[in-house]
Amino acid sequence: MSVRYDQPTPAARAVNELFRLLAEAGISVAGTVAVRVRGRKTGKRRGVVVNLLTVDGRDYLVSPRGTTQWVRNARAAGAIEMGPRWRSHEVRITEVADDAKPDLLRRYLDRWFWEVKGHVDGLTPESSDAEMSATAPSIPVFELLR
């Protein structure tokens, strides 16, 4: 598994925090959802906003920035809490195998490339299957188990 982390700039952190607060209040912007994950060391819940990808009735979370802190925490916990604060619920997760990621990444990029174009390790919606497969190990994808 490749380890890549595209750290956000202070401006990106501020924008992400704004979208997280909106998602926590129940306002989704372009498919965003509030996610909270228990920290590996502190045990405290940490919040982040992510795009929820639904394919054939199954929900996925993609981390275009790579192996971020929320990804590390989610892997350790095996579950996330998602939704607005007043009606959040815990959801078990499983990581998607690298060979199953290219189709999911293509669908993700078709919808959110305008938002994540600088953070997907050079991929575009027009990237070849070979490019998608080569980059897939550096982009964590989780399926939500409901």
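Read on for an overview of the structure. (Residues numbered from 1 in each chain as written. Predicted model: local features only at pLDDT ≥ 70, side-chain atom pairs only at ≥ 80, totals over all residues. Heavy atoms only, no water.)

### Structural notes on the packing of aromatic side chains
Just so we agree on the cut-off: Ring geometry is summarised as follows: Phe, Tyr and Trp rings, the Trp one being its six-membered ring, pair when their centres sit within 6.5 Å, and such pairs are stacked at plane angles under 30 degrees, edge-to-face over 60 and tilted between the two. A run of H or I in DSSP becomes a helix once it reaches four residues, and a run of E becomes a strand once it reaches two; helices and strands are each numbered from the N terminus. For the exposure calls, accessible area comes from a 1.4 Å probe over protein chains only, and a residue counts as buried if that area is under 20% of its type's maximum, exposed if over 50%, partly exposed in between.
Summed over the entire model, instances satisfying the criterion amount to two aromatic pairs. When the centroid spacing of 5.9 Å and the interplanar angle of 50° are considered together, the rings of Trp70 and Phe142 count as tilted. Of this pair, Trp70 sits in helix 2 (residues 69-77) while Phe142 sits in strand 6 (residues 141-145), placing them 72 residues apart in sequence. Neither Trp70 nor Phe142 differs from the other in exposure class; each is buried.

### Points about the environment of Gln7
Under the convention used in this document: We call two residues contacting when some pair of their heavy atoms lies within 4.5 Å.
Locating Gln7 in the fold gives a position in the segment before helix 1 (10-24). With near-sequence residues (within four places) excluded, Gln7 lies in contact with Arg13 and Arg65.

### Re the pattern of salt bridges
Worth spelling out the cut-off: For this analysis, a salt bridge means a side-chain nitrogen from Lys or Arg found within 4 Å of a carboxyl oxygen belonging to Asp or Glu.
Scanning the model with the defined rule gives twelve salt bridges in all. The salt bridge involving Arg45 is made with Glu81; its shortest N-O contact spans 3.2 Å. With Arg45 in strand 2 (residues 45-55) and Glu81 in strand 4 (residues 79-82), the pair connects residues that are 36 residues apart, well separated along the chain. In this structure Arg45 comes out as partly exposed when scored by relative accessible area, which is 32%. According to the relative accessible area criterion, Glu81 is buried, its value standing at 14%. Of the charged contacts in the structure, one is a salt bridge between Glu143 and Arg58, with a shortest N-O distance of 2.8 Å. With Glu143 in strand 6 and Arg58 in strand 3 (residues 58-62), this pair connects stretches of sequence that are 85 residues apart. By relative accessible area, Glu143 is classed as buried at 13%. Where salt bridges share partners, they join Glu17, Arg20, Glu24, Arg36, Arg45, Glu81, Arg85 and Glu90 into one cluster.

### A few points about the layout of surface pockets
Note the threshold: A cavity here means a set of 1 Å grid points, computed over protein atoms only, where a 1.4 Å probe fits but cannot escape. A pocket is an open set with protein on both sides within 12 Å along at least 5 of 7 lines, and lining residues have an atom within 4 Å of a point. Grid points are joined across faces, edges and corners, and a volume is the space filled by probe spheres set on the points. Amino acids outside the nonpolar list (Ala, Val, Leu, Ile, Met, Phe, Trp, Tyr, Cys, Pro) and the charged list (Asp, Glu, Lys, Arg) are all regarded as polar, and Gly is one of them.
Considered as a void within the structure, the largest pocket measures approximately 880 Å³ in volume. Lining the largest pocket are 32 residues, and of these Pro8, Asn16, Val48, Val49 and Arg65 sit closest to its centre. Contributing elements (two or more residues each) for the lining of the largest pocket: helix 1, strand 1 (32-38), strand 2, helix 2 and helix 3 (101-116). Ranked by residues supplied to the lining of the largest pocket, first place goes to helix 1 with seven residues. Its residues assigned to classes, the lining of the largest pocket shows 17 nonpolar, nine polar and six charged.

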